[in-house]
Number of protein chains: 2
Amino acid sequence: VTIRESDLLRHIAARSRAMPAHVRIGPGDDCALVTLPGDTLATTDQLVEGRHFHPDWPIDLIARNAVGRSVSDIAAMGGAPTCALATGALRAGFEHADELFDAMARWARHWHCPLVGGDIAVVDGPTVLTVTILGAPHATRAAVTRSGAHAGDAVYITGAVGKAKAANWKHPVEPRIDEGAWLCDTLGDRLHAMIDLSDGLGRDAARIAEASGVRIEIDGDAVPLAQGVADWRAAAGAGDDYELCFCAAGDVPPVAPSAVPVTRIGRVVEGSGCTIAGADAANLGWDHTDR
Amino acid sequence: VTIRESDLLRHIAARSRAMPAHVRIGPGDDCALVTLPGDTLATTDQLVEGRHFHPDWPIDLIARNAVGRSVSDIAAMGGAPTCALATGALRAGFEHADELFDAMARWARHWHCPLVGGDIAVVDGPTVLTVTILGAPHATRAAVTRSGAHAGDAVYITGAVGKAKAANWKHPVEPRIDEGAWLCDTLGDRLHAMIDLSDGLGRDAARIAEASGVRIEIDGDAVPLAQGVADWRAAAGAGDDYELCFCAAGDVPPVAPSAVPVTRIGRVVEGSGCTIAGADAANLGWDHTDR
């Protein structure tokens, strides 16, 4: 099957006629035109065949995870997704391009960020999907960075870790958009720093510590584990959980309105680095090149 | 050489400290935060090794063309680039990742759209660079689409066609940002439709005709040719020129303040399709899958 890129792009444009009001010009012109709040969040991420997904996975799961990974970055700032752009460098002979882009468009709409632009190329190599998401920061809290943690804060996590690993990474990404917004609503300026867990609790919590110039100490036994995960050490080193890890002062409710639990797992102190049960956590996370 | 993605992303962040005021949060957090005009242009495009560039090209040229292709889409709407996000899926063993991202950041700054986010992965296959550009539409003309051409308009082109082909595609992209803005300034609402020439004059002019519901007739002998191009037929079928093709009513100055010439090459009439010297032009352009 020869993929004609121009036909595919036409296909995307044809599927994209019904757009929300903030999309002034959708796919099919040189650019999209979108009406955004003046302050805009922007993030981009890649999903690579053989690394982040396998070609025998359902197309819908591949599409979901391609879009969801980037949506999760918006959630990590406490923001709301507003629009998406997606490109595919598709392995020559890949026969599901229409289905894949339809599914990406569907997941983008699901997370309130309609697909407003894209591009398709064919490559003699693994498929690479790249998704850019724009978003609006929370209206009152503004954007939550990694760099605001203070000594004295407690460290929390939504949901459980190790889900993707327990499923051998064939696991649907569920970005915590509602939970991130709810934390901004509920905690306001007491929500000091936040990150989403893409590379493992150990490595990602260490990133908050580094960006904030503080030390984070995580109590291994307090880390909530996904079903099928034996212990915190396995879970904390596993990536692709897309839970939110955050540092806050004062009381934090133990469960979000979405029913996702929020668990206190540690504390922020003066110093540097990140430990789990006293061990250096920075090396527990995985680097995508290590797989 | 093993590429550690986390080291590379750190490298990007470290190189990105000095940002213009509209970049509130630059690379290094989950998202960038940028202050934009409410109406924002957005486009994304890919540069694929073996298709759009060859690995023995200078890194600076590869970087320039990766960023320039997307910037050209902003120019085609008459807009001004404001920020960029770039990802690289780099062929395993590629040794110039730092240099490549430094060069992309430099070209992004050159075109006034600082690189505010990115991602790097390693693939067992050709390198794929994906660049998303956000931009501001022209302040008074607003965004110029492909769909506004009217019967009675004349058709124009900036510069000359066939440059990239004459150089066997080893040719630096020069997006016509200043010229696009100047056309908006000068022509205002008389500038009815515009596109940038990425896939060849024939195919791209046909896209204006299709989007506008009109017929475009191009005079082959009027098409300005780059040095080394024998005739309009070769030039009009060649891609990667990144000149602006536009339809306008009334007088158009023959040269932009940048000294780039503006040439009248045809007319818009009622009907459908696009011809060059009477021949169907739609099939002259190239589809990226055909190469």
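All of these numbers come straight from a predicted model, not from anything done at the bench. (Residues numbered from 1 in each chain as written. Chains lettered and ligands numbered in written order. Predicted model: local features only at pLDDT ≥ 70, side-chain atom pairs only at ≥ 80, totals over all residues. Heavy atoms only, no water.)

Participant: I tried to follow the side chain of A:Asp30 on my own but got confused; where do I start?
Facilitator: With respect to the helices and strands, A:Asp30 occurs in the loop between β1 (23–25) and β2 (32–35). A distance of 3.0 Å separates a polar atom in the side chain of A:Asp30 from a polar atom in the side chain of B:Arg146. Dropping the residues within four chain positions of it, A:Asp30 is found in contact with B:Thr43, B:Asp73, B:Ala76, B:Met77, B:Arg146, B:Met194, B:Ile195 and B:Asp196. (Helix = DSSP H or I, 4+ residues; strand = E, 2+ residues; numbered from the N terminus. Polar contact = N/O pair within 3.5 Å; in protein donor to acceptor, adjacent residues only side chain to side chain. Contact = heavy atoms within 4.5 Å.)

Participant: When you look at the sheet that holds strand β1 (residues 23–25) of chain B in this model, what are you seeing that I'm missing?
Facilitator: Strands in a sheet are paired, the pairing made by backbone hydrogen bonds, and the direction either parallel or antiparallel. Across the sheet, which stays open at both edges, the six strands sit in the order β5(A)-β4(A)-β6(A)-β3(A)-β2(B)-β1(B) with mixed pairing between neighbours. In this open sheet, the two strands that pair with only one neighbour each are β5 (115–123) of chain A together with β1 of chain B. Each adjacent strand pair in this sheet contributes to an overall mean axis angle of 20°, direction not counted. Where strand β3 (residues 39–48) of chain A meets strand β6 (residues 128–136) of chain A, eight bridges bridge the pair, whose relative direction is antiparallel. The residue of β6(A) that forms the bridge with A:Thr44 is A:Thr132. On the sheet, helix α2 (residues 59–76) of chain A packs against β3, β4 (80–91) and β6 of chain A and is oriented at approximately 145° with respect to β3(A). (Pairing = 2+ DSSP bridges. Axes fitted to C-alpha atoms, helices over the stretch in contact; angles between N-to-C directions.)

Participant: Explain the environment of A:Gly118 to me, please; I cannot follow it from the model alone.
Facilitator: Residue and element names in this part refer to chain A. Structurally, Gly118 is set in strand β5. Overall, the relative accessible area of 28% leaves Gly118 in the partly exposed class. Along the chain, Gly118 and Gly237 lie 119 residues apart, while their C-alpha atoms are 34 Å from each other. (Buried < 20%, exposed > 50% of the residue type's maximum accessible area, 1.4 Å probe, protein only.)

Participant: Would you mind showing me how to read the interface of chain A and chain B here?
Facilitator: Accessible area lost during the coming together of the parts is what is often quoted as the interface size. Of the residues lining the interface, 65 residues belong to chain A; the matching set on chain B comes to 65 residues. The largest per-residue losses of area from chain A upon contact with chain B belong to A:Asp30, A:Cys31 and A:Gln46, which jointly make up 14% of the total buried on that side. Along the contact surface separating chain A from chain B lie six salt bridges. Close ionic contact of B:Arg146 with A:Asp29 constitutes a salt bridge, the shortest N to O distance being 3.7 Å. Viewed at the interface, chain B and chain A are joined by 27 residue pairs in polar contact (both at pLDDT 80 or more). The element contributing the most residues to the side of chain A that touches chain B is β3(A), with nine residues. Classifying every residue of the side of chain A that touches chain B by side-chain character gives 27 nonpolar, 19 polar and 19 charged. Relative to strand β3 (residues 39–48) of chain B, β2(A) runs antiparallel, the two sharing four bridges. The residue of β3(B) that forms the bridge with A:Leu33 is B:Leu41. (Buried area = accessible area lost by both parts, 1.4 Å probe. Salt bridge = Lys/Arg side-chain N within 4 Å of Asp/Glu carboxyl O. Nonpolar A, V, L, I, M, F, W, Y, C, P; charged D, E, K, R; others polar.)

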